[in-house]
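Here is what each chain is made of, one letter per residue.
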Amino acid sequence: DVTVVASGDDGSSIDETFAVAVGDLDEEPTDLSLAGDSVPENAVDASIGVVSVTDPDAPASFRDYSYTVNDARFEIDDASGELSLRSGVSLDFETEASIDITIKGVSAAGHSISRDFTITVDDLTEGSLADGYISGATVFRDENGDGVQGLQSDGVTPEIFTVTDDKGDFSIDD
């Protein structure tokens, strides 16, 4: 409250108390961050991390902002702040080990903030064999191509082969 006193030349005075309301202005955001910045290669539609904005108008959250990213392979869900690869997109380490992106957040009041981030593509071993062995496995040859274990074309012999592992040597018995 503020009290104002008015005095006249004749020595008289009057005072009045007023309530002063201070309005809050929507200030500019101060930071944009990304929790998580890597993605395994060949992971389709992969989630990478969560975007958030630091805003002096607390409690600000990712839900108070809409987001854009400058690379069409990525998208940000405004409802969750999740940065992910777009549907059907995967990345290849051998082609591009890291990707520089710019994320922009815009508040409902039109205040914006942009930050650059580097997304690391994690290299995976590709085309290698597992270190181990199979013991006593049974597999079948689908001679007639119907996808069902059955009989060979002679109508008598089953479509079965036995695979055995004796000291790491595999053999197929007809």
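One can find the structure itself at the top, above this paragraph.
## Observations concerning the sheet that holds strand β7 (residues 74–76)
So, step 1. Pairing is antiparallel across the open sheet formed by four strands, whose spatial order is β3-β5-β8-β7. Only two strands of the sheet have a single partner each, and these edge strands are β3 (31–35) and β7. Along the sheet, successive strands turn relative to each other by an average axial angle of 25 degrees, direction set aside.
So, step 2. Bridging between β7 and strand β8 (residues 82–85) involves three bridges; their strand directions are antiparallel. Opposite Glu 75, over in β8, you have Ser 84 as the bridge partner.

## Re the pairing of β8
So, step 1. Note: strand β5 (residues 47–54) against β8, three bridges, orientation antiparallel. Its bridge partner lying in β8, Val 50 is registered against Glu 82.
So, step 2. Connecting the antiparallel pair β7 and β8 is a turn made up of five residues, with Gly 81 showing a positive phi of about 80 degrees.

## A closer look at the environment of Glu 75
So, step 1. Mapped onto the elements, Glu 75 comes out in strand β7.
So, step 2. Separated by 28 residues in sequence, Glu 75 and Ile 103 have C-alpha atoms that sit 9.8 Å apart.
So, step 3. With residues near it in sequence (within four places) discarded, Glu 75 still touches Val 69, Glu 82, Leu 83, Ser 84, Leu 85, Arg 86 and Ser 87.
So, step 4. Polar contacts involving the side chain of Glu 75 include one to the side chain of Arg 86, which spans 3.2 Å.

## A few points about the sheet that holds strand β9 (residues 98–107)
So, step 1. Reading across the sheet, the four strands line up as β4-β10-β9-β6 and stay open at both edges, with mixed pairing between neighbours. Across the chains shown, the open sheet's two edge strands, defined by having one partner strand only, are β4 (38–40) and β6 (65–69). Neighbour to neighbour, the strand axes of the sheet diverge by 30 degrees on average, direction disregarded.

## A short note on the pattern of salt bridges
So, step 1. Here the structure, examined in full by the defined rule, presents four salt bridges.
So, step 2. Between Asp 71 and Arg 73 there is a salt bridge, with its nearest N and O atoms 2.8 Å apart.
So, step 3. According to the relative accessible area criterion, Arg 73 is partly exposed, its value standing at 25%.
So, step 4. The residue Glu 75 makes a salt bridge to Arg 86 at a minimum N-O spacing of 3.2 Å. Here Glu 75, found in strand β7, pairs with Arg 86, found in the loop between β8 and β9; they are 11 residues apart in sequence, far enough to count as distant.
So, step 5. Classification of Glu 75 as partly exposed rests on a relative accessible area of 30%.
So, step 6. According to the relative accessible area criterion, Arg 86 is partly exposed, its value standing at 36%.
So, step 7. Overlapping salt bridges, with partners in common, bring together Asp 71, Arg 73 and Glu 96 in one network.

## Regarding unusual backbone geometry
So, step 1. Even without being glycine, Asn 42 reaches a positive phi, approximately 65 degrees.
So, step 2. Topologically, Asn 42 is positioned in the loop between β4 and β5.
So, step 3. Judged by its relative accessible area of 39%, Asn 42 falls in the partly exposed class.
So, step 4. The backbone of Asp 45 sits at a positive phi, close to 60 degrees, despite the residue not being glycine.
So, step 5. Residue placement: Asp 45 occurs in the loop between β4 and β5.
So, step 6. Of the residues examined, Asp 45 reaches a relative accessible area of 40% and is grouped as partly exposed.

What counts and what doesn't
Residues numbered from 1 in each chain as written. Predicted model: local features only at pLDDT ≥ 70, side-chain atom pairs only at ≥ 80, totals over all residues. Heavy atoms only, no water. Pairing = 2+ DSSP bridges. Helix = DSSP H or I, 4+ residues; strand = E, 2+ residues; numbered from the N terminus. Axes fitted to C-alpha atoms, helices over the stretch in contact; angles between N-to-C directions. Contact = heavy atoms within 4.5 Å. Polar contact = N/O pair within 3.5 Å; in protein donor to acceptor, adjacent residues only side chain to side chain. Salt bridge = Lys/Arg side-chain N within 4 Å of Asp/Glu carboxyl O. Buried < 20%, exposed > 50% of the residue type's maximum accessible area, 1.4 Å probe, protein only.

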